[in-house]
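Reading the structure
Listed here are the chains, written in short residue letters.
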There are 2 protein chains.
Amino acid sequence: MAENSGKGILIVCDGLGDLREKGKTPLQAAKTPNMDRLAEHGACGLMHTIGRGIIPGSDTAHLQLFGYSTEKYYTGRGTFEALGVGIELEEGDVAFRCNFATVDEKMKILDRRAGRISTSFAKKLEQDFQNIEIDGAKVIFKASVEHRGALVLRGKGLSHKVGDTDPHSLTRLLVSKPLEGTPEAKKTAKILNEFTKLSHEKLNSNPLNEGRELPANILLSRGPGIFSKAPPMEEKFGIRSACVAGGALYKGVAKFVGMDILKVKGATGAKDTDLNSKADAVVSALNEYDFVFLHIKATDSFSHDGDFGGKKKFIEKIDSEVLPKLMETGANIMITGDHTTPCRIGDHSSHPTPFLMNGELVRHDDIKKFDEFSCANGSLGHLFGKDVMNMMVSLMGKAHIYGA
Amino acid sequence: MAENSGKGILIVCDGLGDLREKGKTPLQAAKTPNMDRLAEHGACGLMHTIGRGIIPGSDTAHLQLFGYSTEKYYTGRGTFEALGVGIELEEGDVAFRCNFATVDEKMKILDRRAGRISTSFAKKLEQDFQNIEIDGAKVIFKASVEHRGALVLRGKGLSHKVGDTDPHSLTRLLVSKPLEGTPEAKKTAKILNEFTKLSHEKLNSNPLNEGRELPANILLSRGPGIFSKAPPMEEKFGIRSACVAGGALYKGVAKFVGMDILKVKGATGAKDTDLNSKADAVVSALNEYDFVFLHIKATDSFSHDGDFGGKKKFIEKIDSEVLPKLMETGANIMITGDHTTPCRIGDHSSHPTPFLMNGELVRHDDIKKFDEFSCANGSLGHLFGKDVMNMMVSLMGKAHIYGA
C-alpha cells in the first residue's frame with residue numbers, strides 16, 4: 001500500500017454543481033485534467049447532501065457531510081458562526097449571527113452592513129461589549145469579518161425559540177418575540193431586546209462613529225441556535241481530523257464535530273483566497289492527522305454573482321493549483337460540493353452535486369470526466385451526504401465491522 | 001404462469017463481491033453461463049446490505065437481508081450461534097459464542113482452539129456440562145463444529161452487557177466485567193466468571209484430555225447477546241420459509257426469523273460442502289415452502305484465505321452444480337452476497353455486493369453478465385439489504401397493498 005493510503009482528504013468546492021448554459025455547466029466547460037484523472041481511476045456518482053429535492057443550507061450541508069444528522073444536531077446557524085469566530089461554547093448557550101448596521105433615530109434600518117465596515121474597524125467597536133450581563137445572563141459578542149459577528153447569551157434557562165431582531169430589509173428594527181410560550185423563550189427574547197437597545201446606546205455614542213455617514217450604531221441578530229455538545233469525530237469514527245477553511249461558518253461546523261481548525265495564511269474564504277497555501281496546509285496536515293477537510297468557498301461566490309466564466313476559471317484554478325499537490329500524497333481523495341448553486345439562479349438549489357472518490361480500495365468505474373452529467377452514469381449512483389464519512393473511513397481502512 | 005412462479009429462492013454466496021486483480025474480479029473471471037442467463041432475463045443492481053460505507057458482519061448482514069432491522073433486533077452474535085446449534089432460546093436468555101481452548105496453570109491461553117479438536121471429541125466433552133446452575137441461573141452449553149460451541153445463561157435479571165472472557169489473543173484469560181452499572185450486568189459477569197472457572201476444573205480433570213499436548217481444558221466466551229422473540233417471517237411476510245445452510249450462524253439467524261431449518265446431508269458450511277445435495281434440498285423444499293434461503297459459505301472462506309483462483313472456481317461450481325437445478329423449478333431467483341470480501345483484503349469490506357433477480361414479474365434490463373461492474377449499470381441501481389425480502393415477496397405475488 002502507498003504511503004498515506006490510510007489517510008483521507010475531503011475537498012468541498014462550495015456550490016460546485018450547476019446547470020447548463022449554452023450546452024455546458026461550468027464544470028463541463030472547465031479544463032480539469034486532474035479531476036478527470038481522479039475520476040478515471042476512481043468512482044463517481046451524484047450526491048444529495050440532505051435528501052432529494054431538499055435545498056441545503058451551508059450549515060446543514062456540512063453537518064450532514066460530516067455524518068452528523070441535522071435532525072439531531074441542528075438548531076440554528078448562530079451556533080456554528082459563534083464557534084467559527086472562536087467563541088468556546090458551553091451547553092445551553094444561545095448564539096446568533098450579527099451584523100453591525102445603521103439605524104436612524106426611529107430605529108429604521110438605513111444600511112444592514114453599516115456601509116460594509118472594515119474588519120479592523122469592527123474589532124475596535126467590539127470593545128464596547130466587554131463584561132455585559134443582562135438578567136443574570138452573560139453576553140459575549142465577537143466581531144468576525146467586515147460587518148459580521150456572533151452573539152452568545154450564556155445562563156440558565158435560555159431558549160433559541162426567539163425571533164430575529166434583523167428585519168432582513170430596510171424597515172424598522174424588529175422586536176424579538178418568543179416563538180413558543182415557555183418562560184425560557186420569553187426571558188431570552190427580553191434579554192436580546194435589551195442587548196439590542198444597549199448596543200445602540202453604546203455604539204451611537206462611540207466616538208469612533210463620529211462623522212461617519214453610515215455609523216455602525218446597532219447590532220442586528222438572527223439565526224439563533226442552542227449549543228449542545230456532539231460526540232467528536234475521533235470518538236465517532238476513530239480518526240484525527242483537521243479543517244482547512246477560510247469562512248467562519250465552515251470552521252464553526254468543523255469545530256462542532258471536533259476537528260482541529262488549522263490557521264492557514266491567505267485562506268480568506270473569498271475569491272482572492274490563496275489556494276496554493278491551502279493545498280500546502282492540507283499536505284502538511286496529513287503528517288499529523290488521518291483526515292483533512294478542505295473547504296473552498298469561491299465557486300459558490302461566483303455562482304451567487306451569476307458569474308459563469310468566473311466559476312469556470314476558478315474550477316480550473318482548483319484543478320491546477322490544489323489537486324497536483326494533494327494527488328502526490330497518495331491519500332484517498334473525495335471531491336464534491338456542499339450543494340449546487342446554479343449561476344443562472346444565483347442561489348442554492350436542490351440538484352445533486354457531482355461526487356468522486358479515488359483511492360486504492362475504490363472499485364473504479366468507467367467514468368473518465370468529472371462533471372454533473374458523467375457522474376450521473378457513475379457506479380456510485382445517487383448517494384447522500386450522510387454516507388460520505390462512512391465511505392471515507394472505509395476507504396481509509398479504519399472502519400469496524402458492524403456485528404460479527 | 002409457470003409452476004412455482006409464486007415461490008422464491010434467495011441464494012446468498014457469502015462474501016461474493018470482490019475487487020479487481022489483474023483487471024478482473026473473481027466473479028468477472030469465472031465462467032458463469034447460468035448466472036449470466038439469469039441476469040440477461042432478469043434485473044441487476046448493487047446492494048448495500050446495511051448502508052453505504054458500513055462493513056457488515058455475517059450476523060447483521062443476514063438479519064437485514066431477511067428484513068429484520070439490526071437496530072431493533074441485534075444485541076450480539078451469541079444469540080444466533082446458540083439458535084444455530086439447536087438451543088431453544090427463551091426470552092431474556094443471554095447467549096455467548098464459545099471456544100474450547102488450552103490454558104496453562106496461570107490461566108494463560110496456549111491455544112484458542114485447543115489444537116482444533118474434532119467435532120466428535122468436543123461432543124464428548126460437552127457431557128461435562130449437564131444440569132449446571134449458578135446463582136439461580138441455568139447454564140446450557142452445546143458444542144457445535146470442531147472447537148466451537150454456544151453457552152446460554154437462563155434466569156431472571158440477566159444482561160448481555162458484560163465483557164468477553166476470550167482475550168482473542170495468546171494472553172491471560174479475561175475476567176468478564178459488567179459493561180454497565182446495573183445489578184443485572186454485575187450478576188451476569190459473576191456467573192460467567194464462575195462458569196469459566198468451573199469449565200476449567202471439569203475439563204482439566206476430564207480423563208479424555210489425558211496425554212493431549214493441548215488439552216481442551218477451558219471454555220472461552222465472547223459476543224454476548226440477549227434473546228428477544230421477533231415476529232416470524234410467516235407473520236411478517238405471509239410466507240412459509242425454509243433454510244438450507246451449513247454454518248451454525250446462518251441457521252441461527254434463519255431460526256430467529258422463524259424459518260424451518262432443513263437437515264441437508266453434506267452441507268458442511270465449508271469448502272468441501274456438497275452443492276448438489278444442497279441444490280436438491282432447495283428443489284424439494286419448494287414442494288412445501290414458499291421461500292427457500294440457500295446459504296453458500298465457501299466463497300467467503302476462499303476470500304478470507306486470499307485465494308482468488310479458489311473463489312473463482314467455486315463460483316463456477318455454484319453456477320454449474322446449483323443453478324441448473326434451481327432454474328428448472330421456475331421459481332423466482334435472487335443471487336447476491338451478504339457482503340463483499342475482497343481476496344486482497346482477506347476480510348469483509350463495505351463495497352456493495354452484486355445483486356440479480358429473475359422471475360416472471362421482473363422488469364428486466366439489458367445487463368447480460370452478472371458481476372460487480374455490470375451490476376453497477378443495472379436497472380435496480382443501488383439497493384439495500386432491508387429491501388430484499390419486500391422485493392422477493394412482491395415478485396412472488398404475495399405482497400399486499402400498503403394502504404388502499
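Residues numbered from 1 in each chain as written. Chains lettered and ligands numbered in written order. Predicted model: local features only at pLDDT ≥ 70, side-chain atom pairs only at ≥ 80, totals over all residues. Heavy atoms only, no water.

Focus on the side chain of Lys297 of chain B
As a reminder, the rule being used: Per the convention used, a helix needs a DSSP run of H or I reaching at least four residues, while a strand needs a run of E reaching at least two, with both numbered from the N terminus. By definition, residues are in contact when any of their heavy atoms lie within 4.5 Å.
Assignment of secondary structure puts Lys297 of chain B in the loop between strand 12 (291-296) and helix 11 (298-304). Ignoring anything within four residues of it in the chain, the contact list for Lys297 of chain B reads Asp14, Tyr250 and Gly269 of chain B.

Quick word on empty space enclosed by the protein
Residues and elements named next belong to chain B. How we decide: Cavities and pockets are defined on a 1 Å grid built over the protein atoms alone: a cavity is a set of grid points where a 1.4 Å probe fits but cannot escape, while a pocket is an open set with protein on both sides within 12 Å along at least five of seven lines, and lining residues are those with an atom within 4 Å of any such point. Grid points are joined across faces, edges and corners, and a volume is the space filled by probe spheres set on the points. Only Asp, Glu, Lys and Arg are considered charged, only Ala, Val, Leu, Ile, Met, Phe, Trp, Tyr, Cys and Pro nonpolar, and every remaining residue, Gly among them, polar.
Per the stated rule, a full pass over the model turns up 4 cavities of 30 Å³ or more. Each pocket or cavity is described by its volume, and for the largest cavity that value is around 50 Å³. A class-by-class count of the residues in the lining of the largest cavity yields 5 nonpolar, 9 polar and no charged. When its volume is computed, the second largest cavity comes out at roughly 40 Å³. What lines the second largest cavity is a set of 13 residues, among which His48, Thr49, Pro56, Ser350 and His351 lie closest to the centre. Of the residues belonging to the lining of the second largest cavity, the class tally is 5 nonpolar, 8 polar and no charged.

Focus on the relation of the copies chain B and chain A
We count it as follows: Copies overlap after least-squares fitting; the atoms used are the C-alpha atoms of residues with pLDDT of at least 70 in both.
Turning chain B through 123 degrees and shifting it by 0.2 Å along the axis lays it on chain A, with an RMSD of 0.1 Å. Here the copies are linked by what is in effect a three-fold axis. Looking at the rotation axis and the C-alpha trace of chain B, the residue lying nearest is Gly381 of chain B, at 3.8 Å.

Here we look at the interface of chain B and chain A
Size of an interface: often given as the accessible area lost when the parts come together. Rule in force here: When two components associate, each loses some accessible surface as probed by a 1.4 Å sphere; the sum of these losses over both components is called the buried area. The term salt bridge refers to a side-chain nitrogen of Lys or Arg lying within 4 Å of a carboxyl oxygen of Asp or Glu.
Each side of the interface is counted separately: chain B has 33 residues, and chain A has 20 residues. Contact between chain B and chain A buries roughly 1900 Å² in total, counting both sides, with carbon and sulfur atoms accounting for 51%. One salt bridge connects Asp387 of chain A with Arg52 of chain B, and the closest N-O pair in it is separated by 3.8 Å. Secondary-structure elements contributing two or more residues to the side of chain B that touches chain A are strand 3 (55-56), helix 3 (58-65), helix 4 (70-73) and helix 13 (372-375) of chain B. In terms of residue count, the dominant contributor to the side of chain B that touches chain A is helix 3 of chain B (3 residues). The residue inventory of the side of chain B that touches chain A, partitioned by class, reads 11 nonpolar, 12 polar and 10 charged.

Things to note about the state of the cysteines
Definition in use: When two cysteine sulfur atoms lie within 2.5 Å, the pair is treated as a disulfide.
Applying the stated criterion to the full structure yields 0 disulfides over all chains. We note that Cys13 of chain A lacks a disulfide partner, and the nearest cysteine sulfur, in Cys375 of chain A, lies 12 Å from it.

Some remarks on the sheet that holds strand 14 (residues 353-358) of chain B
Residues and elements named next belong to chain B. Defined as follows: For two strands to be treated as a pair, DSSP must find at least two bridges joining them. Fitted lines through C-alpha atoms serve as axes, helices being fitted only where they are in contact, and the angles separating the N-to-C directions of these axes extend from 0 to 180 degrees.
Spatial ordering of the open sheet is given by 11-10-12-1-13-14-2-15, a layout of 8 strands whose pairing is mixed. In this open sheet, the two strands that pair with only one neighbour each are strand 11 (260-261) and strand 15 (382-384). Relative to strand 14, strand 13 (residues 332-336) runs antiparallel, the two being bridged by 3 bridges. Counted as the bridge partner of Ile333 is Asn358 from strand 14. Strands strand 1 (8-13), strand 2 (43-48), strand 12, strand 13, strand 14 and strand 15 of the sheet are contacted by helix 14 (residues 388-395), whose axis makes an angle of about 160 degrees with strand 13.

Some details on the packing of helix 10 (residues 275-285) of chain B against helix 12 (residues 308-328) of chain B
Residue and element names in this part refer to chain B. Put simply, the rule reads: Comment on the angle field: the value is read as roughly parallel under 35 degrees, roughly antiparallel over 145, roughly perpendicular from 65 to 115, and oblique elsewhere. Here a crossing is taken to be left-handed if its near helix is turned anticlockwise relative to the far helix by less than a right angle, and right-handed if that turn runs clockwise.
Contact pair helix 10 / helix 12: the axes reach a minimum separation of 9 Å and the direction vectors enclose 30 degrees. The orientation of helix 10 with respect to helix 12, classified from their angle, is roughly parallel. For the crossing formed where helix 10 meets helix 12, the hand is right-handed. For the pair helix 10 and helix 12, the contacting residues are Leu275, Asn276, Ala279, Asp280, Val282 and Val283 in the first and Phe314, Lys317, Ile318, Glu321, Val322, Lys325 and Leu326 in the second. Tallied by class, the residues present in the contact of helix 10 with helix 12 amount to 8 nonpolar, 1 polar and 4 charged.

Some thoughts on the nonpolar core
Basically, it comes down to this: Here, the term nonpolar core denotes a set of buried Ala, Val, Leu, Ile, Met, Phe, Trp, Tyr and Cys residues that are joined through side-chain atoms within 4.5 Å. Note on classification: 1.4 Å probe, protein chains only; a residue is buried when its accessible area is under 20% of the maximum for its type, exposed when over 50%, partly exposed between these limits.
Of all hydrophobic cores here, the largest spans 50 residues; its most connected members are Phe66 and Phe291 of chain A. If you tally residues by element for this core, the top one is helix 14 (residues 388-395) of chain A, at 6 residues. Setting aside residues no more than four positions away along its own chain, Phe66 of chain A makes contact with Leu10, Met233, Phe237, Val253, Ala254, Val257, Met259, Phe293 and Met389 of chain A. The next biggest cluster of nonpolar side chains, apart from the first, holds 47 residues, and it includes Phe66, Leu83, Ile87 and Phe291 of chain B.

Topic: the sheet that holds strand 1 (residues 8-13) of chain A
All names here are of chain A. With respect to topology, 8 strands assemble into an open sheet ordered 10-9-11-1-12-13-2-14, the strand pairing being mixed. Pairing within the sheet leaves two strands with one partner each, and these edge strands are strand 10 (260-261) and strand 14 (382-384). Two strands pair when backbone bridges link them, and strand 1 and strand 11 (residues 291-296) are joined in this way by 6 bridges, in the parallel orientation. Residue pairing for strand 11: Gly8 is matched across the bridge by Phe291. Contacting strand 1, strand 2 (43-48), strand 11, strand 12 (332-336), strand 13 (353-358) and strand 14, helix 14 runs over the sheet at an angle of about 160 degrees to strand 12.

A short note on the pairing of strand 2 of chain A
All names here are of chain A. The buried fraction of strand 2 amounts to 6 of the 6 residues, a majority that puts the element mostly inside the structure. Judged by which residues are buried, strand 2 turns out to be covered on both faces: Ala43, Gly45 and Met47 on one side and Cys44, Leu46 and His48 on the other are all buried. Sheet topology note: the strand 2/strand 13 ladder contains 5 bridges and is antiparallel. Paired with Gly45 across the strands is Phe355, a residue of strand 13.

Re the packing of helix 3 (residues 58-65) of chain A against helix 9 (residues 248-256) of chain A
Residue and element names in this part refer to chain A. Remark: helix 3 packs on helix 9, axes separated minimally by 10 Å, with the N-to-C direction vectors making an angle of 35 degrees. As for the relative orientation of helix 3 and helix 9, their crossing is right-handed in sense. In this structure, helix 3 contributes Ser58, Asp59, His62 and Leu63 to the contact, and helix 9 contributes Leu249, Tyr250, Val253 and Phe256. In terms of residue class, the contact of helix 3 with helix 9 is built from 5 nonpolar, 2 polar and 1 charged.

Looking at the confidence of the model for chain A
Interpreting fine coordinate detail is not advised for predicted regions of low pLDDT. Applicable threshold: On a scale of 0 to 100, pLDDT captures the predictor's confidence in every residue.
Within chain A, residue pLDDT values average 97, and 100% of them lie at 70 or more. Overall fold confidence (pTM) sits at 0.94, and the ipTM for the predicted complex is 0.92.

Some details on the packing of aromatic side chains
As a reminder, the rule being used: Ring pairs shown here join Phe, Tyr and Trp side chains whose ring centres sit within 6.5 Å, with only the six-membered ring taken for Trp; geometry is labelled stacked below 30 degrees between planes, edge-to-face above 60, and tilted in between. Counted as over-ring charges are cases with an Arg CZ or a Lys NZ within 6 Å of the ring centre that also lie within 35 degrees of the ring normal.
Under the defined criterion, the tally for this structure stands at 21 aromatic pairs over all chains. Ring geometry for Phe100 of chain B and Phe141 of chain B: centres 5.6 Å apart, planes at 90 degrees, overall edge-to-face. Note that Phe100 of chain B is positioned in strand 4 (residues 94-103) and Phe141 of chain B in strand 7 (residues 137-143), a separation of 41 residues in sequence. For Phe141 of chain B, a relative accessible area of 5% corresponds to the buried category. Residue placement shows Lys271 of chain A over the ring face of Phe302 of chain A; its charged tip is 4.5 Å from the ring centre. The ring of Phe121 of chain B has Arg212 of chain B lying over it, and the distance from NZ or CZ to the ring centre is 4.6 Å.

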